[in-house]
Amino acid sequence: MVKFCTKTCLFILPKTSYHQLQTQSFIPFSVRQEQKILESRLVSVLHGCTHINQVKQAHAHIFRKGLEHCCFVLAKLLRTLTKLDVPMDPYPRLVFQQVEYPNPFLWTALIRGYALQGPFMESVLLYNSMRRQGIGPVSFTFTALLKACSAALDVNLGRQVHTQTILIGGFGSDLYVGNTLIDMYVKCGCLGCGHRVFDEMLDRDVISWTSLIVAYAKVGNMEAASELFDGLPMKDMVAWTAMVTGYAQNARPREALEVFERMQAAGVKTDEVTLVGVISACAQLGAAKYANWVRDVAEQSGFGPTSNVVVGSALIDMYAKCGSVEDAYKVFERMEERNVYSYSSMIVGFAMHGLAGAAMELFDEMLKTETKPNRVTFIGVLTACSHAGRVEQGQRLFAMMEECHGVAPSEDHYACMVDLLGRAGRLEEALNLVKMMPMNPHGGVWGALLGACRIHGNPDMAQIAASHLFELEPNGIGNFILLSNIYASAGRWDDVSKVRKLMRVKGLKKNPGCSWVEGKKGIIHEFFAGDMSHPKSREIKQALEDLLDRLMYLGYQPNLSSVAYDISDEEKKRLLMSHSEKLALAFGLLTTNAGCTIRIVKNLRICEDCHSVMCGASQITGREIVVRDNMRFHHFRNGRCSCDNFW
DNA sequence: TTAGGGTTAG
C-alpha cells in the first residue's frame, strides 16, 4: 500500500481532480480520514468568521489546500456569507459557479442565500436549474424555498412548493419541512392552512406548536394560543416566551406577567427575548413598582441594561412610560452600546414628557455618532417640537429629513406636522398640508387635525376632519366623543345630540373614565368616574372638597366647558368633582407621605378642569404629581405642568 | 435547515 503525507497529497493533486478524489474508492482510507479532518477544521474556521475579510482569508486557505471544489466546505462558506449578510452577487454566486460538480447541499446553500436576501425568485430559478440537471433536493432545499415564499409573501408559490414536497421523495412528512410550511402559511396570512399542516403532521415537536401559538397571538386570538399552549407537552423557553410576548403585544399586560410568573415557577430559564416581553408588559402597566422589579429580574438573569442593548432600550421606553424620564436617562447614560432603538426610545421619552430641549440635544448628539436616525427617531423629534410649540424648528426638520438623512416622510410624519401646525393654532395651514400630501391621509392625520380643533375650538373644521375619520375608523369611539365635546364647548347642543345619536345607532359605547394611583407599598388603587365603592370614599370626597376650597380661595373656578352635557351649572360642577383622576389625586394626597410623588394613570385624556386642579394642587401641597393620560405625561410641579397647558 | 424580541404620531 502506498503511503504518503496527506497534506502533500492534497497539495499535489490537480485542482480539477477533487471530484475524482471523492468518487475513487482506491484512495487509501487514512488519506480520506485526513481529508475529512481537514474539511471539518475548515468548516469550524468558517463558523467562527465574523467579517467578510475573514471568510476571504479562509477561502484562500481552501484554495491552498486544493479544496476549492469541496462542496461540504464551500456550502459552509456560502452559509457563512449569508449569515454575514454579504450580497449574493457577485461573491457567493461566483464561489458556486466555480465548482464543477455542485452537490445538493451546495445548491441549497445558494438557494437559501437568495431566500434570505432576495431577489427571492432567484431561489426558485435556481431550484429549477438544479432539477433540470437531475439533482435531487434534500429536505432543507424545501425549507429554503419556503423561506423565499414567506419573504415574498407569495402563498401561491408556497402551495406549489408544498405540492413538490409531497411529490418528491416524501419530504411532506419531514419535521423541518412541516414546521417551515406552518411558518410559510402563517407569514402569508393563511393561518387556517398552517393549522391544517399542523393537524396533518405525523411528527410534531415544540417548534411546530410554538409556530402556531405565535400565529394565533399575532392575530390577537390569545384564547386559541393559550389552548394550544396548555396542550403542549414539553414547554421550552421559546414557547413560554411566545405566550408572554403574545399577551404583551395584545395589550394584556397583567396576563403577560402571570404567564411569566408561571414560567419562573416551572424553573424555565429567562433570556433577553423573554425579558423584552416582560418589560413591555410593565411599560403598559405604567407602575414604578413593576418597573424596578423587572429591572432587578433583568440584572439577576444576566441581561442587565448596561451590557445588553436590546434590554437597555426596552427599559428606557418602560421607564419613560412609567413616568420616570430620569430613570430612563440613567439607563441610557450607562449603556455600553447604543443603537437607533436606544436613541429613539430616549428621544421619544423626552418628547412624551414635554422635554423638547433635551430631545433635540440628544438628536444632535446622535447625529455626531455613526447611528443613523430612522422614521421613529423623526417622529420623536417632530413630536417634541409639536408639544413645545417649536413650529419653525419642526418645519426645518421635516424639510431636511429625506434630503439629509434619507428618511422619506410617511403618513405618520405628516400627522406630526399637522399636529405641530394645528396645536400652534395654524389650522388652515394644517388643512392645506393635508390636502397637499403625496399619499392618502390616514386616521392619524385627520385625528391630529381634530385634536387641534378641540384645542382651538373650531367646530367647522372639526366636522371636516371627523367626516374623514368616521369613514377611516368607523368604530373609533374617541373620534365621536371628541367631535361631540367640540360641539358642546361651542354650545352647539343640537350637533352634540346628532353625534350621540349616531353613536347609539352604531352601538358605540363610551369607555368609563378610570384612573389608577399607587398607594402605600406600591398597591394600585382603581377609581372610576363617580365611583364611591372605595372603602375610603368618604374621606376621599372630603379631602377633595377641602382641596378645591383652598384652590378656589386662590382664584380657581371650575371649568364648566369641560363638561359635554347640556345640564345646569350645578350639575356640571358635581360631574367635574367626580372625575376619576381627581378621586385618585385626593386618595394619593390622603395616603402617601408628604414629599412623595403622586403617580396617576388615566385611560382617557385628562380634561382641562382636572388639569388646572392638578396644577393648583402641586402648588399648594408642594407635591410633584405625574399624570399619564392616554396621550402623554403631565408633570405638575409648583403650579406648572411640563406640557405648558398645551396638550 | 424549523419557533419567541426593542422605539411610532391624533
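Residues numbered from 1 in each chain as written. Chains lettered and ligands numbered in written order. Predicted model: local features only at pLDDT ≥ 70, side-chain atom pairs only at ≥ 80, totals over all residues. Heavy atoms only, no water.

1. Regarding the pattern of salt bridges
Link 1 in the chain: If you walk through the whole model with that rule in mind, you get 22 salt bridges.
Link 2 in the chain: Of the charged contacts in the structure, one is a salt bridge between Arg-295 and Glu-299, with a shortest N-O distance of 3.7 Å. On the criterion of helical spacing, the pair formed by Arg-295 and Glu-299 is a turn pair, its members being four residues apart in helix H18 (residues 288-300).
Link 3 in the chain: Judged by relative accessible area, which is 18%, Arg-295 ranks as buried.
Link 4 in the chain: Between Arg-637 and Glu-624 there is a salt bridge whose closest N-O contact spans 3.1 Å. With Arg-637 in strand S5 (residues 633-637) and Glu-624 in the loop between helix H34 (608-621) and strand S4 (625-628), this pair connects stretches of sequence that are 13 residues apart.
Link 5 in the chain: Arg-637 gets classed as partly exposed once you look at its relative accessible area, which sits at 40%.
Link 6 in the chain: Here the salt bridges share partners, and the residues they tie into one network are Asp-460, Arg-492, Asp-495 and Lys-498. (Salt bridge = Lys/Arg side-chain N within 4 Å of Asp/Glu carboxyl O. Helix = DSSP H or I, 4+ residues; strand = E, 2+ residues; numbered from the N terminus. Buried < 20%, exposed > 50% of the residue type's maximum accessible area, 1.4 Å probe, protein only.)

2. Looking at the packing of aromatic side chains
Link 1 in the chain: A full pass over the atoms with the stated rule returns 14 aromatic pairs.
Link 2 in the chain: With a centroid separation of 5.6 Å and 70° between ring planes, the pair formed by Phe-363 and Phe-378 is classed as edge-to-face. Highlighted residues: Phe-363 in helix H22 (residues 356-367) and Phe-378 in helix H23 (residues 375-387), separated in sequence by 15 residues. Pair check on accessibility: Phe-363 and Phe-378 agree, each one buried.
Link 3 in the chain: Members of the aromatic cluster, joined through ring pairs, are Tyr-329, Phe-332, Tyr-343 and Phe-350.
Link 4 in the chain: Positioned above the aromatic ring of Phe-332, the side-chain terminus of Arg-338 is 4.4 Å from the ring centre. (Phe/Tyr/Trp six-rings, centres within 6.5 Å; stacked < 30°, edge-to-face > 60°. Lys NZ or Arg CZ within 6 Å of the ring centre and 35° of its normal.)

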